[in-house]
Each structure stands twice: as C-alpha cells, then as structure tokens.
Amino acid sequence: IVVERLTKNVNEDHLYEIFGQYGEIDDLDLPVNRQSGLNRGTAYILYFNEADAQSAITHMHEAQLDGSIIHVSI
C-alpha cells in the first residue's frame with residue numbers, strides 16, 4: 001500500500017506500530033530526503049496478506065496521523 005501526506009515527524013517505527021495492527025508487515029519503505037534527513041511524505045508498506053492490506057486501507061484512509069489527514073491506497 002502507499003501512505004501519502006505524512007508529516008516530517010513520522011518515522012518507520014511509528015508506521016510499524018500503527019499499520020502493524022492490521023496484519024504482519026513484510027516490508028516498509030520510508031524514503032528520506034538526502035539533504036534534510038527527513039521523510040519525503042510517502043511510505044510504501046507491503047503486507048504478507050492482501051486482506052490485511054485491504055483492512056489497513058479501509059481503516060486508515062483519510063485518518064489523522066500526527067495532525068495530518070493521510071491518504072492510503074493500493
């Protein structure tokens with residue numbers, strides 16, 4: 001899944017904690033800006049189970065995370 005509109009405060013640990021509630025995460029990528037060291041606002045999360053990914057989208061799309069409304073999709 002793709003998680004967009006993340007604030008710069010969000011890190012991988014936050015995402016594992018929040019999105020791990022919906023199923024086992026196989027891989028998580030949170031690209032960072034080389035100059036600032038902060039995330040670029042988008043994360044990519046791969047679940048072992050497709051149903052878990054769908055559950056995460058259902059529950060987290062347009063949810064608030066660190067004060068920002070996030071966008072979650074396939």
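Fair warning: this is a prediction, and the values are worked out from it, not measured in the lab.

Conventions we followed
- Residues numbered from 1 in each chain as written.
- Predicted model: local features only at pLDDT ≥ 70, side-chain atom pairs only at ≥ 80, totals over all residues.
- Heavy atoms only, no water.
- Helix = DSSP H or I, 4+ residues; strand = E, 2+ residues; numbered from the N terminus.
- Rg over C-alpha atoms; globule rule 2.2 N^0.38 Å.
- Contact = heavy atoms within 4.5 Å.
- Core = buried A, V, L, I, M, F, W, Y, C linked by side-chain atoms within 4.5 Å.
- Buried < 20%, exposed > 50% of the residue type's maximum accessible area, 1.4 Å probe, protein only.
- Pairing = 2+ DSSP bridges.
- Axes fitted to C-alpha atoms, helices over the stretch in contact; angles between N-to-C directions.
- Patch = residues over 30% accessible without salt bridge, like charges linked within 9 Å, V, L, I, M, F, W, Y side chains within 5 Å.
- Areas by Shrake-Rupley, 256 points an atom, 1.4 Å probe, with all protein chains shown as cover.
- Salt bridge = Lys/Arg side-chain N within 4 Å of Asp/Glu carboxyl O.
- Lys, Arg positive; Asp, Glu negative; His and termini not counted.
- Charge placed at Lys NZ, Arg CZ, Asp CG, Glu CD.
- Polar contact = N/O pair within 3.5 Å; in protein donor to acceptor, adjacent residues only side chain to side chain.

Draft legend 1. Quick look at the overall build of the chain. When its secondary structure is counted, the chain shows two helices and six strands. N-terminal to C-terminal, the α/β element order of the chain is β-α-β-β-α-β-β-β. Taking 11 Å as the expected radius of gyration for a compact globule of 74 residues, we find that the chain reaches 12 Å, a close match to that expectation. Taken along its principal axes, the extent of the C-alpha atoms in the chain is 35 × 25 × 20 Å. Excluding contacts between residues fewer than 6 apart, the proportion of contacts in the chain whose partners are at least 24 apart in sequence is 56%.

Draft legend 2. Spatial organisation of the nonpolar core. Counting 22 residues, the largest nonpolar core has Ile1, Val3, Leu6, Leu15, Phe19 and Tyr47 as the members making the most contacts within it. Where this core is concerned, the elements lending two or more residues are helix 1 (12-19), strand 2 (25-29), strand 3 (42-47) and helix 2 (50-60). With four residues, the top contributor of residues to this core is helix 2. Residues contacting Phe19, with those up to four places away along its chain left out, are Ile1, Val3, Ile25, Ile45, Tyr47, Ala56, Met60, Ile70 and Val72.

Draft legend 3. The sheet that holds strand 1 (residues 2-4), seen in detail. Read from one edge of the open sheet, four strands run 2-3-1-6, paired in antiparallel fashion. Each edge of the sheet is formed by a strand with only one pairing partner; in this case those strands are strand 2 and strand 6 (71-73). The mean inter-strand angle of the sheet, taken between neighbouring strand axes irrespective of direction, is 20°. Sheet topology note: the strand 1/strand 3 ladder contains three bridges and is antiparallel.

Draft legend 4. Molecular detail of a negative patch on the surface. On the surface, Glu12, Asp13, Glu17, Glu24, Asp26, Asp27 and Asp29 cluster together into a patch of negative charge. Mapped onto the fold, Glu12 is located in helix 1.

Draft legend 5. Spotlight on the side chain of Ser68. For Ser68, the location among the structural elements is in strand 5 (residues 68-69). Given the relative accessible area of 17%, Ser68 is considered buried. Side-chain polar atoms of Ser68 contact the backbone oxygen of Arg5, separated by 2.8 Å. Leave out the neighbours within four places in its chain, and Ser68 touches Arg5, Thr7 and Ala63.

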